[in-house]
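What follows is each chain in one-letter form.
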Amino acid sequence: KTVAVTGGSGYIASWLVKSLLDRGYTVKASVRDINDPRKTQHLLALDGAEERLHLVKADLLEEGSYDTLVDGCDGVFHTASPFYYPITDPQAELIDPALKGTLNVLGSCAKTPSVKRVVLTSSLATVSFNGKPLTPEVVVDETWWSDPEFCRENQLWYVLSKTLAEDAAWEFAEEKGLDLISVNPALVIGPLLQPTLNTSSAAILNLINGAMTYPNITSAWVNVKDVADAHILAFENPSANGRYCVVESVAHRSEIVNILRELYPSFQLPEKCSDDKPFLPTYQVSNERAKNLGVNFIPLKESIKETVESLEEKSFFR
Ligand code: NDP
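Residues numbered from 1 in each chain as written. Predicted model: local features only at pLDDT ≥ 70, side-chain atom pairs only at ≥ 80, totals over all residues. Heavy atoms only, no water.

In the nomenclature of an unreviewed UniProt entry, the protein is known as Dihydroflavonol 4-reductase of Penstemon smallii. Here the protein is described in UniProt, under the heading Function (unreviewed entry), as follows: "Bifunctional enzyme involved in flavonoid metabolism." Turning to the protein, the UniProt annotation filed under Pathway (unreviewed entry) states: "Pigment biosynthesis; anthocyanin biosynthesis." (UniProt positions renumbered as here; feature names shortened; annotations may be inferred.)

Here's what the structure looks like:
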């Protein structure tokens, strides 16, 4: 079978391309700058790439840019979307590529009869940011939606970009009769295949690169290999449908520091929080649907270890 992956050189997409090649798929992956070796070399070096990986140039903001990519594909994984800080122009840098880009990709899929299913890389960001209290008893699940108004009020521009994009994707899919599934991962960590540092891996690197304090943030976490698996299971299982929260656990940054301290007693790690407010509480996120789909979650401690080893191997340590 032939499948397409948008934004193929990204952190999550690189693992998705690798896992797809390992499972025998022929993969067409889009890259913005096909002549940049930092975006292509790690993909071309994957097992099976020589025979079954095809790189295609495409940009989210160019109308029709993905027609060539999805042509002849049975499935499309739409992962491309900007995820970086800092941002100066949220509309141009985040919202347009996320929202218009998603409709652009889905537009190409809708006019390509070979495409049987589209798996969208959404985010837990589209689920839990709505002002509802997040406390240890609360269980967030796929019925939750983030609230664009809440995002605007709190200037959560990335969260807003993903929420608008997923919402528009469901509306478009309904209208055109496209078989759409969304995978909604938590903050993703685990080994890096690409040579550049991505935003979620930086959340761990920032704690081990000499920071004096850790931020007062509670996040949900998941391993990149499980995120890749979730995408493929969502594509392969005929009865898969709707949204899938892909989350292993929820932990405050202080807990991440404690795990790092346990794993690496010699590391210099931040001793205190960046503010003196009470720690933001943890909450629960249901991963029942993802488990039922067949995702076997790697425990957080193992994911942290894999992240640190990979960051060290790639010389990101100061
Ligand atoms: P990366 O920054 O590693 O990858 C982002 C990808 O998006 C890159 O391939 C990038 O292409 C592509 N992209 C950005 N802007 C454009 C554009 N205008 N046209 C074409 N491609 C573009 O991030 P991740 O792998 O972390 O993120 C991948 C997806 O997963 C995103 O949709 C993100 O929202 C989602 N996600 C990520 C989480 C995380 O913690 N990492 C958690 C939940 C969801 P290029 O290489 O050319 O720059």
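Caption draft 1: Main features of the overall build of the protein. Looking only at helices and strands, the protein features twelve helices and 14 strands. By principal-axis analysis of the C-alpha atoms, the protein measures approximately 55 × 40 × 40 Å. Of all 318 residues assigned to the protein, the portion counted as buried reaches 54%. Here the contacts in the protein between residues at least 6 apart in sequence split such that 79% fall between residues at least 24 apart. About 14300 Å² of surface is accessible on the protein, with carbon and sulfur atoms providing 50% of the total. In the protein, which carries 29 positive and 42 negative side-chain charges, the distance between the mean positions of the two groups comes to 2 Å. (Helix = DSSP H or I, 4+ residues; strand = E, 2+ residues; numbered from the N terminus. Buried < 20%, exposed > 50% of the residue type's maximum accessible area, 1.4 Å probe, protein only. Contact = heavy atoms within 4.5 Å. Areas by Shrake-Rupley, 256 points an atom, 1.4 Å probe, with all protein chains shown as cover. Lys, Arg positive; Asp, Glu negative; His and termini not counted. Charge placed at Lys NZ, Arg CZ, Asp CG, Glu CD.)

Caption draft 2: Looking closely at the site of the ligand. Residues in contact with the ligand amount to 26 residues; listed here are only the nearest, Tyr11, Arg32, Thr79, Tyr158 and Lys162. In the model, an oxygen atom of the ligand is placed 3.1 Å from a nitrogen or oxygen of the Ser9 side chain. Starting from 890 Å² of accessible surface for the ligand in isolation, the protein chains cover 91%. Classifying every residue of the shell around the ligand by side-chain character gives twelve nonpolar, ten polar and four charged. (Near = heavy atom within 4 Å. Polar contact = N/O pair within 3.5 Å; in protein donor to acceptor, adjacent residues only side chain to side chain. Nonpolar A, V, L, I, M, F, W, Y, C, P; charged D, E, K, R; others polar.)

Caption draft 3: Focus on the pattern of salt bridges. Per the counting criterion, the structure on display carries eleven salt bridges. Arg23 is the salt-bridge partner of Glu236, the closest N and O atoms lying 3.8 Å from each other. With Glu236 in helix 9 (residues 224-236) and Arg23 in the loop between helix 1 (11-22) and strand 2 (26-31), the pair connects residues that are 213 residues apart, well separated along the chain. For Glu236, a relative accessible area of 37% gives the class partly exposed. (Salt bridge = Lys/Arg side-chain N within 4 Å of Asp/Glu carboxyl O.)

Caption draft 4: Molecular detail of the pairing of strand 5 (residues 117-121). Within strand 5, five of the five residues are buried, leaving the element largely enclosed by the surrounding structure. As judged from the four bridges shared by strand 4 (residues 75-78) and strand 5, these two strands associate in the parallel manner. Residue pairing in the sheet places Gly75 in a bridge with Arg117 of strand 5. Once the chain exits strand 4 it traverses helix 5 (residues 90-110) before rejoining the sheet at strand 5, and the crossover so formed is right-handed. (Pairing = 2+ DSSP bridges. Right-handed = clockwise from strand over helix to strand, strands pointing away.)

Caption draft 5: Just the environment of Arg243, in detail. Tracing the chain through its elements places Arg243 in strand 11 (residues 242-246). A relative accessible area of 7% means that Arg243 is categorised as buried. Non-local contacts of Arg243, meaning those with residues more than four positions away in its chain, are made with Thr126, Val127, Glu142, Trp144, Trp145, Glu166, Trp170, Ser182, Asn184 and Arg289.

Caption draft 6: Structural detail: the sheet that holds strand 1 (residues 2-6). Strand order in the open sheet made by the seven strands is 3-2-1-4-5-7-11, with parallel pairing throughout. Among the strands making up the open sheet, the edge pair consists of strand 3 (53-57) and strand 11. Shown here is a sheet whose adjacent strand axes are inclined to one another by a mean of 20°, direction ignored. Alignment of strand 5 against strand 7 (residues 180-185), held across four bridges, turns out to be parallel. Note on strand 7: the bridge partner recorded for Thr121 is Val183. (Axes fitted to C-alpha atoms, helices over the stretch in contact; angles between N-to-C directions.)

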